[in-house]
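Now for the letters of each chain:
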Amino acid sequence: MHQRKKRLRLSTVIAVSALAAGGLATLPFTALADTTGDAANASRQQDFASAAAQYHIPLNVLLGVAYQESGWRSHGELPSTDGGFGPMHLTDVTPAMMAGGDAGAAGRDDLASLAAQPALHTLQAAAKLTGLSVETLRKDPAANIRGGAALLASYQEKLTGSTPSDASQWYGAVARYSQSTQKQAAVRFADRVFDTIRDGAAGVTENGQRLRLAAAPQVRPEDAQVDRLHLKAAATADTECPPTVDCTFVPGSAAGGQVSNRPANGIRIDTIVIHDLESTYQAGINTLADPKNAASTHYVMRSSDGAVTQMVPTKDIAFQAGNYSTNLHSIGIEHEGYAAEGATWYTEAQYEATADLVKYLAARFQIPLDRQHIIGHDNVAGPNSSLVSGMHWDPGNGWDWDHFMRLLGHPLSGVHAVPSVGSVVTIDPSFADNVQTVNVCPADDPTGSTPACTDKQQASNFVYLRTAPDATAPLFGDQAIHPTGAGTNRINDWGSTAQTGQQFVVADVQGDWTAIWYSGAEVWFHNPGGQNTKCAYGVKIIKAAGTTPAAVYGSSYPDKSEYPAGLGASTQAPLSMYTVPAGQAYVATQPPAATDDYFTSGAVVIGAKKMYTIQYNHRVALVYANDVTATTATHHWEDGAN
């Protein structure tokens, strides 16, 4: 139903971690016998052995490369979420992937150029070397292994003129297989591969085959070979972190963003996006640093102690939010953790370090410390109609927004009180006391700890929304996810929830139930005595300007006529399933801002029209300022506020 959260491909050396689409079983290296002689389990191990023999590659080198690329796992003809196919992770990133992936570049004229980098198309190179079709290399794991082996051998022959049997002599070719044009990233990949070769590894494939790479601690790679690749040294960036956090810099994938000069070039930074990795800290960094990855982020936060790795300078654009307009104006912060596991991974050390980082960034870029400018990945607008339903849902129900805002020194304001029609409420249930039942399925949980769809009770940051003021009424079904049906309590079904810190206009009140305008409808949530809301005033209320509904958008590009000659205009259309109907009202989350666009050349285009960002449902959306009216909310509360 929804897009799986992230791009976990890399695993630890002694245990293979779960992958995004169901996952490998975690199995300690010491628990596995050598299964190469077992016919039932030897097929893929034999595929590696055959390919290694055909292309004269030491078997442990080929296995080490594939382990770092995929954990030896294939997913049929489907790509990983960063565009790689098969055990050798041969890449073929299409413009459509850039449109709907973390770049969120739907509607952009430069989609083809964004997807054209050679690192994103190793599948085609392997096809030329093997004579196998691109389709075969995508679908057939054995062919894919042959393709990767051919590619690796071609790099070795070009580098040394031969394919030696000594694994230590393959360091340069392995570094080249990373596809990095920067020396540091190539070295990082090669070091991980040779660490795996020395330490050994074991794993279980998607179809239950066991593979083993025996430890070879005697291997000492010829790491000076990397100098023969004549790669450029990446510019070392000073970390942009407050002194209170342990901060290091690891360059992210060059394919996962754009060099820019924000905000000096006129591109404002006004939003911070909170994510989770759906992986461990080191696995996430490794993946985001992989040159074959078309995604990136500015920062990654460790769970255990709040350590920080910066991966992209704040002046640059990171493809992290799944919406190019959001990427353009935001800074992304990833967190070690898994959304389906609720609050488990979000430690106090992580909260406090993130709060220090956010306060530092907010002060630098004059970003207000409120929930309208500090948002979750699950709050980002879908860039076009076809992509809304698949938008990511992290950091999930387990991120304690109330606690986090208190750590920022800006707790949610207002008092709990019975709301009145026309007033504005801030959703604010007590996190620890707000235990909700969520249904978690195997596809939601890459740890592999959820073998079947299971109802779980978790402390949560949301209230469920229903179609009537009754606990037995169906959950509201967001139009992008459930065009005709009711919503569900599936943990990734964001369409039936309103989240802590979000603000809505009250449409009705009946007893212990409050109705709000949400996603073009009137929806209800249980709110006895106003315990799940706080009053809000001074915010801008947005209504359709006339008697016809106002169109709702997912991006904020200038009109085509406003682009100078030589720059391809980005395009946008209203989100087909959404409008702001006449008579309904929504809260503006930010002041109206000019439409704008950016190009890798450095060109900035700023349009004459302005758009409001509004809290439309669980996600924000955009409306043209000329299509709506804006008034300031005043006090409309019942007596007895507490």
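Values in this document were obtained by computation on a predicted structure and should not be read as measured data.

## Describing the pairing of strand β26 (residues 604-615)
Pairing geometry for strand β25 (residues 586-598) and β26, over 8 bridges, is antiparallel. Bridged to Gln590 within β26 is Thr613. Hairpin connection between β25 and β26: a loop of 5 residues separates the two successive antiparallel strands, and Gly602 in this loop has a positive phi of roughly 105°. Pairing geometry for β26 and strand β27 (residues 620-624), over 5 bridges, is antiparallel. Across the sheet, residue Thr613 finds its bridge partner in β27, namely Leu622. Hairpin connection between β26 and β27: a loop of 4 residues separates the two successive antiparallel strands.

## Comments concerning the layout of surface pockets
Each pocket or cavity is described by its volume, and for the second largest pocket that value is around 600 Å³. If you list the elements that add at least two residues to the lining of the second largest pocket, you get α4 (111-114) and β6 (257-258).

## Side note on a negative patch on the surface
Taken together, the side chains of Asp166, Asp191, Glu222 and Asp223 make up a negatively charged region of the molecular surface. Among the secondary structure elements, Asp223 is positioned in the loop between β4 (210-213) and β5 (247-249).

## Things to note about the side chain of Thr297
Residue position: Thr297 is located in the loop between α10 (281-289) and β8 (299-301). Within the structure, Thr297 has its side chain in polar contact with the backbone oxygen of Gly332 (distance 3.1 Å). Filtering out sequence-adjacent residues up to four positions away, Thr297 remains in contact with Leu288, Met311, Val312, Ala318, Gln320, Gly332, Ile333 and Glu334.

## So, the packing of aromatic side chains
A full pass over the atoms with the stated rule returns 18 aromatic pairs. Joined through ring pairs, the aromatic side chains of Tyr346, Tyr351, Trp399, Trp401 and Phe404 make up one cluster. In this structure, Arg176 is placed above the aromatic ring of Tyr155, and the distance from its NZ or CZ to the ring centre is 4.5 Å. Its end group placed over the ring of Trp401, Arg371 keeps NZ or CZ at 3.7 Å from the ring centre.

## Focus: the sheet that holds strand β11 (residues 330-335)
If you trace the 6 strands from one edge of the open sheet to the other, you get β5-β9-β8-β11-β7-β12, paired in mixed fashion. Edge positions in the sheet fall to β5 and β12 (374-376), since each of these pairs with one other strand and no more. Across this sheet, the average inter-strand angle for adjacent strands is 25°, counted without regard to direction. Across 3 bridges, the pairing between strand β7 (residues 271-274) and β12 is parallel. Residue pairing in the sheet places Val273 in a bridge with Ile375 of β12. Where α10 meets the sheet, its contacts fall on β8 and β9 (308-310), and the angle it forms with β8 comes to roughly 165°.

## Description of empty space enclosed by the protein
Using a probe with the size of a water molecule, rolled over the atoms, empty space left in the structure can be pinpointed. Under the counting rule described, the total for this entry stands at 5 cavities of 30 Å³ or more. The space that makes up the largest cavity amounts to roughly 310 Å³. In terms of lining residues, the largest cavity is bounded by 21 residues, among which Thr271, Thr326, Gln590, Thr613 and Leu622 are the most central. At the level of secondary structure, the elements contributing two or more residues to the lining of the largest cavity comprise α11 (324-329), β25, β26 and β27. Tallied by class, the residues present in the lining of the largest cavity amount to 7 nonpolar, 12 polar and 2 charged. Empty space within the second largest cavity amounts to approximately 150 Å³. For the lining of the second largest cavity, the elements supplying multiple residues, two or more each, are β16 (462-464) and β17 (497-499). Of the residues assigned to the lining of the second largest cavity, the class counts are 6 nonpolar, 7 polar and 3 charged.

## Considering helix α1 (residues 43-54)
The end-to-end C-alpha distance of α1 is 16 Å, a good match for the 16 Å that 12 residues give at a rise of 1.5 Å each. Within α1 the residues assigned to the buried category are Arg44, Gln45, Phe48, Ala51 and Ala52. All buried residues of α1 fall inside an arc of 130° around its axis, so they share one side. Tucked into the core, α1 has its buried residues touching α2 (59-70), α7 (141-160) and β4. Immediately downstream of α1, the backbone of His56 shows phi near 55°, a positive value.

## A look at the environment of Ala569
Looking at the element boundaries, Ala569 is found in the loop between β23 (550-551) and β24 (579-580). Among the residues examined, Ala569 registers a relative accessible area of 16% and is labelled buried. Measuring from C-alpha to C-alpha, the distance between Ala569 and Asp110 comes to 8.7 Å, with 459 residues separating the pair along the chain. The residues touching Ala569, leaving out its near neighbours within four places in the chain, are Gly107, Asp109, Lys560 and Tyr563.

## As for the state of the cysteines
Taken as a whole and judged by the stated rule, the model has 2 disulfides. With a sulfur-sulfur separation of 2.0 Å, Cys241 is cross-linked through a disulfide to Cys247. Neither residue differs from the other here; Cys241 and Cys247 are each classed as buried. Covalently, Cys441 is tied to Cys453 through a disulfide, its sulfur atoms 2.0 Å apart. As the torsion about the S-S bond is roughly 115°, the Cys441-Cys453 disulfide counts as right-handed. Taken together, the positions of Cys441 in the loop between β14 (435-440) and β15 (454-459) and Cys453 in the loop between β14 and β15 put the pair 12 residues apart, joining distant regions of the chain. Judged by its relative accessible area of 6%, Cys441 falls in the buried class.

What counts and what doesn't
All residue numbers refer to positions counted from 1 along the written sequence of the respective chain. Where totals are concerned, whole chains, interfaces and linings use all residues; where local detail is concerned, this predicted model gives features only for residues with pLDDT of at least 70, and gives and counts side-chain atom pairs only at 80 or more. Remark: hydrogens and water are excluded; side-chain values derive from all non-hydrogen atoms of the structure. Strands are labelled as partners when DSSP assigns at least two bridges between them. For helices the rule is a DSSP run of H or I covering at least 4 residues; for strands it is a run of E covering at least 2, with both sets numbered from the N terminus onward. Method remark: on a 1 Å grid restricted to protein atoms, a set of points is classed as a cavity if a 1.4 Å probe fits but cannot get out and as a pocket if it is open with protein on both sides within 12 Å along at least five of seven lines; lining residues have an atom within 4 Å of a point. Grid points are joined across faces, edges and corners, and a volume is the space filled by probe spheres set on the points. For patch detection, residues must exceed 30% relative accessible area and be free of salt bridges, and they are connected within 9 Å for like charges or within 5 Å for nonpolar side chains (Val, Leu, Ile, Met, Phe, Trp, Tyr). All accessibility values rest on the Shrake-Rupley procedure with a 1.4 Å probe; residue burial counts only the protein chains present in the view. In what follows, salt bridge is the name for a side-chain nitrogen of Lys or Arg lying within 4 Å of a carboxyl oxygen of Asp or Glu. In summary, the charge assignment counts Lys and Arg as positive and Asp and Glu as negative, without counting His or the chain termini. Charge placement uses NZ in Lys and CZ in Arg. For Asp and Glu, CG and CD serve respectively. Throughout this description, a polar contact denotes any pair of N or O atoms lying within 3.5 Å of each other; where both atoms belong to protein, one of them has to be capable of donating a hydrogen while the other can accept it, and for residues adjacent in sequence the pair is counted only when both atoms sit in side chains. Only heavy atoms enter the contact rule, under which two residues are in contact if any of them lie within 4.5 Å. Ring pairs shown here join Phe, Tyr and Trp side chains whose ring centres sit within 6.5 Å, with only the six-membered ring taken for Trp; geometry is labelled stacked below 30 degrees between planes, edge-to-face above 60, and tilted in between. Placement of a charge over a ring requires the Lys NZ or Arg CZ to be within 6 Å of the ring centre, with the centre-to-atom vector within 35 degrees of the ring normal. Lines are fitted to the C-alpha atoms to define the axes, a helix being fitted only along its stretch in contact, and any angle between axes, read from their N-to-C directions, falls within 0 to 180 degrees. Each residue is assigned to one of three groups, with Ala, Val, Leu, Ile, Met, Phe, Trp, Tyr, Cys and Pro labelled nonpolar, Asp, Glu, Lys and Arg labelled charged, and all others, Gly among them, labelled polar. Here the expected length of a helix is defined as 1.5 Å per residue gap, with one fewer gap than residues. A simple rule labels every residue: compare its accessible area, found with a 1.4 Å probe on the protein chains alone, to the largest value its type can have, and call it buried under 20%, exposed over 50%, or partly exposed in between. What the arc measures is the spread of directions leading from the helix axis to the C-beta atoms. For this text, the term disulfide refers to a pair of cysteine sulfurs within 2.5 Å.

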